[in-house]
Amino acid sequence: MTQLRRAGLALTILLASAASGHAERLIVSVSNHRVTVTPNYAGEELVLFGSVERDAQTPPDRTAYDLVVTVRGPRADMVTRRKERKFGIWINTDSRQFLKVPGYLALFANRPFDAMAAAEVQRRQQLGLNNVLLTQRVGPDYADVVPNDVFRSAFVRLQSQHGLYREDTSAVTFLTPTLFRTGISLPAAVPIGTYEVEIKLLAQGAMITKTETAFEIVKVGFEQFVASSARQNGFAYGLVTTAMALMTGWMASIVFRRD
């Protein structure tokens, strides 16, 4: 009897979980899952498109959605330095290390984040550049500080100037109430590696569901050969580049030598 009760309780919990599951799901795809970087690469724009699939559990009054697309590139440690003018020269006076932060970070939405959800939801779901976690080494500790921290602000500003960090709250377009698209702009200086794309669906200020996809950026041709050589045989690569630099200097001294 006890086993029957346990089985019944487990079935009840399972049915309750199924009933409280997502009433919508996202179907998405990217126009190109592999971007090749050649010597004349000057940037590219991918297109992400998809649809919101509704089912019988979808509330009939839920007709409007919000969408946030977050694209994160390969992660790496980076440093932001503060310079001050002392004795007539600019010198580094302080620095802050950012740990495993995306080399490329873009957030696209169909309308401003403040219009989508409350501030607490924005922070919890990392909606907007100000709410994305960027872990720093602060003395012996690791933390993400407030958005107006001078080092964090400077880091985001510098990345944005190179087109590597961006936020656009009008980039997502709903073609119909359930069909959407957005462009993913990649600058010429885009890092090589795998890019994670996270798509979040919101309605009435709350998170409904999310899904993920990815694409990669790879080098081809001579650039790929150089990159592979530097990674696989660093010592030989260093010797070759040093010899080439010496040869270039020697040739320049002959060409521009004055008699």
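Residues numbered from 1 in each chain as written. Predicted model: local features only at pLDDT ≥ 70, side-chain atom pairs only at ≥ 80, totals over all residues. Heavy atoms only, no water.

Asker: Any chance you could break down the nonpolar core for me, citing the residues and the numbers?
Answerer: Counting 49 residues, the largest nonpolar core has Val71 and Leu186 as its most contacted members. The greatest single-element share of this core, amounting to six residues, is contributed by strand β13 (residues 193-203). (Core = buried A, V, L, I, M, F, W, Y, C linked by side-chain atoms within 4.5 Å. Buried < 20%, exposed > 50% of the residue type's maximum accessible area, 1.4 Å probe, protein only. Helix = DSSP H or I, 4+ residues; strand = E, 2+ residues; numbered from the N terminus.)

Asker: Help me get a handle on the side chain of Asp66, residues and values and all.
Answerer: For Asp66, the location among the structural elements is in strand β4 (residues 66-72). Given a relative accessible area of 5%, Asp66 falls into the buried group. Polar contacts involving the side chain of Asp66 include one to the side chain of Asn110, which spans 3.1 Å. With near-sequence residues (within four places) excluded, Asp66 lies in contact with Asn110, Arg111, Met116, Lys200, Leu201 and Leu202. (Polar contact = N/O pair within 3.5 Å; in protein donor to acceptor, adjacent residues only side chain to side chain. Contact = heavy atoms within 4.5 Å.)

Asker: Quick rundown of the packing of aromatic side chains? Include the residues and the values.
Answerer: This structure, assessed with the given rule, holds five aromatic pairs. Taken together, the ring pairs in this structure connect Phe98, Phe155 and Tyr165 into an aromatic cluster. (Phe/Tyr/Trp six-rings, centres within 6.5 Å; stacked < 30°, edge-to-face > 60°.)

Asker: Tell me about the sheet that holds strand β3 (residues 44-54), and please be specific about residues and values.
Answerer: On the basis of which strands lie adjacent, the open sheet formed by four strands has the order β1-β3-β12-β11 and antiparallel pairing. Looking at which strands have only one partner, the edges of the open sheet turn out to be β1 (24-30) and β11 (173-174). One ladder, built from two bridges, connects β11 with strand β12 (residues 179-186); its direction is antiparallel. Counted as the bridge partner of Phe174 is Phe180 from β12. (Pairing = 2+ DSSP bridges.)

Asker: So, the confidence of the model for the protein: which residues are in play, and what are the values?
Answerer: As a note on interpretation, predicted positions should not be read in detail where pLDDT is low. This prediction gives the protein a mean pLDDT of 82; 73% of its residues lie at or above 70. Note on residues 1-20: pLDDT under 50 across the span, and two contacts to partners over four residues away in sequence or across chains. (pLDDT = per-residue confidence, 0-100.)

Asker: If you had to explain the sheet that holds strand β14 (residues 206-219) to someone new, which residues and values would you point to?
Answerer: Spatially, β2-β14-β13-β4-β7-β10 is the arrangement adopted by the six strands of the open sheet, whose pairing is mixed. Edge positions in the sheet fall to β2 (34-37) and β10 (165-168), since each has one partner strand and no second. Mean inter-strand twist for the sheet, computed between neighbouring axes without regard to direction, equals 15°. Pairing geometry for β4 and strand β7 (residues 105-109), over five bridges, is antiparallel. Its bridge partner lying in β7, Arg72 is registered against Leu105. (Axes fitted to C-alpha atoms, helices over the stretch in contact; angles between N-to-C directions.)

Asker: Which residues make up the pairing of β2, and what are the values?
Answerer: On β2, burial follows the alternation: Val35 and Val37 on one face are buried, whereas Arg34 and Thr36 on the facing-out side are not. Pairing between β2 and β14: four bridges, direction parallel. By the bridge assignment, Thr36 is partnered in β14 with Val218.

Asker: For the environment of Met207, give the residues involved together with the corresponding values.
Answerer: Inspection of the secondary structure puts Met207 in strand β14. Given the relative accessible area of 26%, Met207 is considered partly exposed. Sequence separation between Met207 and Ala117 is 90 residues, and the spatial gap between their C-alpha atoms is 9.0 Å. Excluding residues within four positions of it along the chain, Met207 makes contact with Gln125, Lys200, Leu201 and Leu202.

Asker: Break down the environment of Val101 for me, citing the residues and quoting the values.
Answerer: The residue Val101 is located in strand β6 (residues 89-102) in this model. Judged by relative accessible area, which is 1%, Val101 ranks as buried. Residues within four places of Val101 in sequence aside, it is in contact with Pro74, Arg75, Ala76, Met78, Leu134, Thr135, Phe155 and Tyr165.

Asker: An account of the pattern of salt bridges is requested, with residue identities and associated values reported.
Answerer: Applying the stated criterion across every chain yields a total of nine salt bridges. Taking the shortest distance from any N to any O, the salt bridge between Glu120 and Arg124 comes out at 3.5 Å. Highlighted residues: Glu120 and Arg124, both in helix α3 (residues 119-125), separated by four residues, approximately one helical turn. Here Glu120 falls in the partly exposed class, since its relative accessible area comes to 42%. Among the charged side chains, a salt-bridge network with shared partners connects Arg72, Glu198, Lys200 and Lys210. (Salt bridge = Lys/Arg side-chain N within 4 Å of Asp/Glu carboxyl O.)

Asker: Just give me the short version of the pairing of β14, but keep the residues and values in it.
Answerer: Sheet analysis places β13 next to β14, joined by eleven bridges and oriented antiparallel. Paired with Thr194 across the two strands is Glu216, which belongs to β14. Linking two consecutive strands that pair antiparallel, namely β13 and β14, is a turn of two residues; a positive phi of about 55° is found at Gln204 within it.

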